[in-house]
Amino acid sequence: GPAAGAPGVFASFFGPDPVNLLGVVILTSLGTWGLPQMVQKFYAIKSEKSINTGTVISTLFAMVVAGGCYFLGGFGRLFAGVVGVTEAGTPVGGFDAVIPAMLSGLPDLLLAVVVILVLSASMSTLSSLVLTSSSTLTLDLLKGHIVKEMDEKRQVFVMRCLIVVFIAISVVLAIIQYKSSVTFIAQLMGVSWGALAGAFLAPFLYGLYWRGTTKIACWVSFVFSTVVMLADISPLKACFPAILVSPINCGAFCMIAGLVIVPVVSLFTAKPRRELVDDAFSCYEEKVTVRKSQALGDPQ
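Bear in mind that the values here come from a model prediction, so they are computed numbers and not experimental data.

**Looking at the overall build of the protein chain**
And then number 1: On a plain count of helices and strands, the protein chain comes out with eleven helices and zero strands.
And then number 2: For the protein chain, the sequential pattern of α-helices and β-strands runs α-α-α-α-α-α-α-α-α-α-α.
And then number 3: Within the protein chain, the proportion of its 300 residues that are buried is 23%.
And then number 4: When contacts within the protein chain are restricted to residue pairs at least 6 apart in sequence, those whose partners lie at least 24 apart make up 66%.

**Looking at the pattern of salt bridges**
And then number 1: Within this structure, the stated rule accounts for three salt bridges.
And then number 2: Here arginine 211 makes a salt bridge to aspartate 278, at a shortest N to O gap of 3.1 Å. Taken together, the positions of arginine 211 in the loop between helix 8 (185-209) and helix 9 (215-232) and aspartate 278 in helix 11 (residues 274-280) put the pair 67 residues apart, joining distant regions of the chain.
And then number 3: Residue arginine 211 is classed as partly exposed on the basis of its relative accessible area, which comes to 39%.
And then number 4: On the basis of relative accessibility, which here comes to 34%, the residue aspartate 278 falls in the partly exposed class.
And then number 5: Among the salt bridges present, the one from arginine 274 reaches aspartate 278, with a minimum N-O distance of 3.4 Å. Of this pair, arginine 274 and aspartate 278 are both found in helix 11, four residues apart, which corresponds to roughly one turn of the helix.
And then number 6: Sharing partners across several salt bridges, the network here consists of Arg211, Arg274 and Asp278.

**With respect to the side chain of serine 266**
And then number 1: Along the polypeptide, serine 266 turns up in helix 10 (residues 247-267).
And then number 2: Look past the residues within four positions of serine 266 in its chain and what remains in contact with it is Trp210, Gly212, Thr213, Thr214, Ala217 and Lys271.

**Re the nonpolar core**
And then number 1: With ten residues, the main nonpolar core is built from Ile26, Leu27, Leu30, Leu35, Trp193, Ala197, Leu201, Ile248, Ala252 and Met255.
And then number 2: For this core, the elements supplying multiple residues, two or more each, are helix 1 (18-34), helix 8 and helix 10.
And then number 3: Every residue in contact with alanine 197, bar those within four places of it in the chain, is listed here: Gly31, Gly34, Leu35 and Met255.

About the thresholds
Residues numbered from 1 in each chain as written. Predicted model: local features only at pLDDT ≥ 70, side-chain atom pairs only at ≥ 80, totals over all residues. Heavy atoms only, no water. Helix = DSSP H or I, 4+ residues; strand = E, 2+ residues; numbered from the N terminus. Buried < 20%, exposed > 50% of the residue type's maximum accessible area, 1.4 Å probe, protein only. Contact = heavy atoms within 4.5 Å. Salt bridge = Lys/Arg side-chain N within 4 Å of Asp/Glu carboxyl O. Core = buried A, V, L, I, M, F, W, Y, C linked by side-chain atoms within 4.5 Å.

In C-alpha cells, the structure reads:
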C-alpha cells in the first residue's frame, strides 16, 4: 500500500498492482518467443559459434534495456511537476506523456538522436512484419495453390505489392487507433503481441519438440487468439472478466491459453502423416562429429 506521508510511493515490492504487473511480465517474456518477426531472424544464424556470440551480446543488451527501463520508470516520478498529476494519481495526458516531458529538457542534438533511435526501432519492426507477411502469403498461400505457375520474378513482384498493401493497412490502423480508446502504447503492444504471439507461440513451441502436434490444433490456437484480441478492442470486451479488459492481461491470457489449447486439441484430432513427421524431424537424427570435451563417448 502507499507509504505513510509519501503519496504515490509504494512500500510493496511488487507495487500497488501485482496482478497487472504479472500480465506485463508474461506478455513481454513469452511474447518474443512467438512473434514471427523475431523467429525469422534465427534463419540467418551461420554456425553454433554465432549462437554463442549472440547469446552473450543479447544477454548484455537485455540487461541494459531492462535496467534502463527500470530506472526510467523510477525517475519518471521526478517529472510529476512538469506533467501534472490527476486526482487519481495518474499523469495528465496518460503515462505516455511522461517520457516526452523527460526528453523536453535535452539539447536539440541529443533529442534528435533519441527520435532517430525510436523511428529506427519502429521501422525495424514494421519491415520485419511486412516482409514476413508478404513472403508467407506469396510462397505458402498463393504459390502452388491459388496461382499454380509462379516463377521467381513474379514472386518478387507479388511480394513487393503485398508489402505496399500491408504498409497501407498499418497506416489505416494507426488512424483508427488515434480516434479509439486504446491509446496507451503498452495497450497497443498488448493487442498486437497478444494476437501474434498468442496465435503462433504454442504451434512454434510444440511443433519443434512434439511429434503429436496437429494442423487443426494450430488453427484453433490461431483463431482463438485472433478472435479474443479483436473482441478485446471492440464493445464486446464489456462481456469479459474485469481482469481481461486490459489488452495487456488479455494478450498474456491468449499466450498461456494457446499452450493449453494446442496439446489438448492435438489429442483429439487427426495426426499428420507419419512420413511427413519423420521427414520434418529427420534433422535431429543427423550425426555430427564433436570433441569429447563436448560429448562423452559411449561407456560400452
